[in-house]
Amino acid sequence: MVKDIYVNIDEKISSVKFFVDEEYCHLKIKSEEVCLNCERKPCLSFCPAGVYRLDSNGKILINYQACLECGSCRVGCPFNNILWDYPRGGFGLNYKFG
Amino acid sequence: MEELKFDVVIVGGGPAGLSCGITLAKAGIRALLIERGRFCGAKNLFGGVVYTKSVKELVPEFPNVEPSPVERPVTEEGYYIVSSEGLVKLLHRKKDPHEAFTATRARFDSFLAEYALKLGLEIAPKTKVLDLLKEGQRIKGVIVDRPRAFGDPRPTEIPANIVVIAEGVNRVLTEKAGLIGRPFGAEDVALAVKEIIQLPKGALEARLGLAEGQGLAVEIIGDITACLPGTGFIYTNRNHLSFGLGLFLSNLRESAFKPYELLERAKNHPHLRELFKDGEILEYGAHLIPEWGLEGLPRLYGDGVLVVGDSAGLVNPLFREGTNLAIYSGIMAGKTIIEAFEKGDFSSRTLKAYEAQLRESFIYQDLITLKKLKKHLFTNIHLFKTYPELLYDTISLFFSAQGRPKREVMREIFELIRKKRGFLGIVGDLIKVGRALW
């Protein structure tokens, strides 16, 4: 967290156009246990789209619909615990500017 | 689907893949470019400055094209060095305003794609390459996520004599082709976040001192990244500006800062706040920049395969080169492929000429330079914290010296430098950078 700064990432992401693939979630946690034992859970902060969130039980939720497909989580997860793929062809992120 | 065989399949419709495709189309080689986005550029994001010369290599009539992907020519460029209290601007009015221009990826890449289509390159958008077709070590084509035929949902196989991997920074296929030594980690990439910001009418020109047809490209260093290794940037487009930050993913991860919060913090810097006042965010985005350099350079060729652009890691962050290197590497790969078709040999024996060409070019020499710079510069925390503050404080003292004995002010300045970094420290840093550059 940056001091004194609050950003509503959902609002920010709403400026981006997506063609959401409802049938295929292209990101997946390999083992939920690894996440439960991961103390710092850095994915909650470094993901530029806020895709990774915590539910009330401390479980990681994946909001793949808002994924910017940058690949940070693929290499940023300290336990290499994320199965990473792109959305299917034609789906996902669709920049107007980029 | 019969007859689905191509001389060459190119994976990825960014500047590297499209440049290769254009080079091949000009030579009459039957190539298919596969793009997973709805159009070329839909998945791409960059700063973005493009160097005109590289585009001219592909499109000789550039920039006299309609519709033009040029946002603004870069007439002024330089650095903002930012401390927590203020900023020092180092700006340069360019002699040749046509040397570089600003652009957005969606428009620039689709411009190249349109040009390529006219030359006869075939482009299949909305298609993802799932895997490579292999025969032992030899790459024989690709497998895509399109059904094979009506009533046959199996993925389609597309055979080709040569596959060009232009998949971008997330080099999944390059790895599958067996061309990389080790997978890259969080310390090998920078995460860039960027916003396209529209200011009230006339504000962009007024606030940055620009006339119509003039453009600014500025790198920002110091407190803008909360002193983490990395930079910020402001590039002016026709009716909006691009503002963003690039930080090593490993540093970002350690800091536990959220990248979009750092971006917001940067926009709220006391001396930048006015620039962004009443700005509307048209689009937010993020992308990785390959920074693995020479150490992470994959083998650029194999039997039936070549690697170009970001997948190879061809960027120079110091001189904001990336798009141009993608273009040059695409052209070099294209030329090598033309040779391979003349010889009728698609094995490493012929394709290695591409790597040889690249090694002889400035691109490879710069990778060597960057390797040393990276070690001494990008990881030198003083560059992002101590020096920007020192510079601002020193200049502040200098410009507020009126009404005091100047020797006293100079002594104060020297004392400040001695305290913050020390003369030996500065000399040491200079020698390190000097050695890397010479």
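On a predicted model such as this, the values are computed, not experimentally measured, just so you know. (Residues numbered from 1 in each chain as written. Chains lettered and ligands numbered in written order. Predicted model: local features only at pLDDT ≥ 70, side-chain atom pairs only at ≥ 80, totals over all residues. Heavy atoms only, no water.)

Colleague: Got a minute to help me understand the overall build of chain B in this structure?
Modeller: Per the secondary structure count, chain B includes 15 helices and 17 strands. Taking 22 Å as the expected radius of gyration for a compact globule of 438 residues, we find that chain B reaches 24 Å, a close match to that expectation. Dimensions along the principal axes, computed over C-alpha positions, put chain B at roughly 85 × 45 × 40 Å. The buried share among the 438 residues of chain B stands at 59%. For chain B, long-range pairs separated by at least 24 residues make up 71% of all intrachain contacts whose partners lie at least 6 apart in sequence. Of the roughly 18600 Å² that chain B leaves accessible, carbon and sulfur atoms contribute 56%. Averaging the locations of the 59 positively and 54 negatively charged side chains of chain B gives two centres separated by 4 Å. (Helix = DSSP H or I, 4+ residues; strand = E, 2+ residues; numbered from the N terminus. Rg over C-alpha atoms; globule rule 2.2 N^0.38 Å. Buried < 20%, exposed > 50% of the residue type's maximum accessible area, 1.4 Å probe, protein only. Contact = heavy atoms within 4.5 Å. Areas by Shrake-Rupley, 256 points an atom, 1.4 Å probe, with all protein chains shown as cover. Lys, Arg positive; Asp, Glu negative; His and termini not counted. Charge placed at Lys NZ, Arg CZ, Asp CG, Glu CD.)

Colleague: How do you make sense of the environment of Trp292 of chain B when you look at a structure like this?
Modeller: All names here are of chain B. Within the element layout of this structure, Trp292 appears in the loop between β15 (280-290) and β16 (301-302). Here Trp292 falls in the buried class, since its relative accessible area comes to 1%. Residues Trp292 and Asn380, 88 residues apart in the sequence, show an inter-C-alpha distance of 17 Å. In this view, Trp292 contacts Val169, Arg171, Phe184, Asp188, Val189, Leu297, Pro298, Asp310, Ser311, Ala312, Gly313 and Lys374; residues no more than four positions away in its chain are not counted. A distance of 3.1 Å separates a polar atom in the side chain of Trp292 from the backbone oxygen of Ala312. (Polar contact = N/O pair within 3.5 Å; in protein donor to acceptor, adjacent residues only side chain to side chain.)

Colleague: Sorry, what's going on with the domain arrangement of chain B here?
Modeller: For an interface, size is often stated in terms of accessible area lost upon the parts coming together. Residue and element names in this part refer to chain B. For chain B, the assigned domains are domain 1 (6-63 + 98-183 + 293-360), domain 2 (186-290) and domain 3 (377-437). Here domain 2 and domain 3 have C-alpha centroids that lie 26 Å from each other. Of the residues lining the interface, 8 residues belong to domain 2; the matching set on domain 3 comes to 6 residues. Regarding the contact of domain 2 and domain 3, the summed buried area is about 580 Å², with carbon and sulfur atoms giving 74% of it. Of all residues in domain 2, Ile221, Cys227 and Pro229 bury the most surface against domain 3, accounting for 67% of the area lost on that side. At the surface where domain 2 touches domain 3, the tally comes to 0 salt bridges. At the junction of domain 2 and domain 3, the tally comes to 0 residue pairs in polar contact (both at pLDDT 80 or more). Considered class by class, the residues forming the side of domain 2 that touches domain 3 number 5 nonpolar, 2 polar and 1 charged. (Domains from an automatic or database assignment. Buried area = accessible area lost by both parts, 1.4 Å probe. Salt bridge = Lys/Arg side-chain N within 4 Å of Asp/Glu carboxyl O. Nonpolar A, V, L, I, M, F, W, Y, C, P; charged D, E, K, R; others polar.)

Colleague: What's the story with the interface of chain B and chain A in this structure? I'm lost.
Modeller: Tallying the contact residues gives 52 residues for chain B and 44 residues for chain A. Each partner contributes to the roughly 4000 Å² buried at the junction of chain B and chain A, and carbon and sulfur atoms together form 55% of this total. At the boundary of chain B with chain A, the tally comes to 6 salt bridges. With a shortest N-O distance of 3.1 Å, Asp85 of chain A and Lys128 of chain B are connected by a salt bridge. Linking chain B to chain A there are 26 residue pairs in polar contact (both at pLDDT 80 or more). Elements that contribute at least two residues to the side of chain B that touches chain A include exactly α3 (105-119), β11 (189-198), α6 (249-255), α7 (259-267) and β15 of chain B. Among the elements that line the side of chain B that touches chain A, the one with the most residues is β15 of chain B, at 8 residues. Its residues assigned to classes, the side of chain B that touches chain A shows 24 nonpolar, 10 polar and 18 charged.

Colleague: What should I look at first to understand a positive patch on the surface in this one?
Modeller: A cluster of basic side chains, namely Lys17 of chain A together with Arg38, Lys126 and Arg146 of chain B, defines a positive patch on the protein surface. One can find Arg38 of chain B in the loop between β2 (31-34) and β3 (49-51). Overall, Arg38 of chain B belongs to the partly exposed group, its relative accessible area being 31%. (Patch = residues over 30% accessible without salt bridge, like charges linked within 9 Å, V, L, I, M, F, W, Y side chains within 5 Å.)

Colleague: What should I look at first to understand the side chain of Lys128 of chain B in this one?
Modeller: Residue placement: Lys128 of chain B occurs in the loop between β7 (122-124) and β8 (129-135). Of note is the side chain of Lys128 of chain B, whose polar atom sits 3.5 Å from the backbone oxygen of Pro87 of chain A. Setting aside anything within four residues of it in sequence, one finds Lys128 of chain B in contact with Tyr24, Asp85, Tyr86, Pro87, Arg88 and Gly89 of chain A together with Arg36, Ile143, Val144 and Asp145 of chain B.

Colleague: Honestly, the packing of aromatic side chains in this entry has me stumped. Any pointers?
Modeller: Any pair of aromatic rings gets described here by the distance separating the centres and the angle formed by the planes. If you walk through the whole model with that rule in mind, you get 12 aromatic pairs over all chains. Aromatic side chains Trp84 of chain A and Tyr86 of chain A sit 4.7 Å apart centroid to centroid with 65° between the ring planes, which places their arrangement in the edge-to-face category. The burial state of Trp84 of chain A is the same as that of Tyr86 of chain A; both residues are buried. Where Phe62 of chain B meets Phe101 of chain B, the ring centres are 5.3 Å apart and the plane angle is 45°; that geometry is what we call tilted. On the criterion of sequence distance, the pair formed by Phe62 of chain B in the loop between α2 (52-58) and β4 (76-82) and Phe101 of chain B in strand β6 (residues 100-102) is long-range, its members being 39 residues apart. In this structure an aromatic cluster arises from ring pairing among Phe62, Phe101, Phe108 and Phe111 of chain B. Lys17 of chain A extends its terminal NZ or CZ atom over the ring of Phe19 of chain A, reaching a point 4.7 Å from the ring centre. (Phe/Tyr/Trp six-rings, centres within 6.5 Å; stacked < 30°, edge-to-face > 60°. Lys NZ or Arg CZ within 6 Å of the ring centre and 35° of its normal.)

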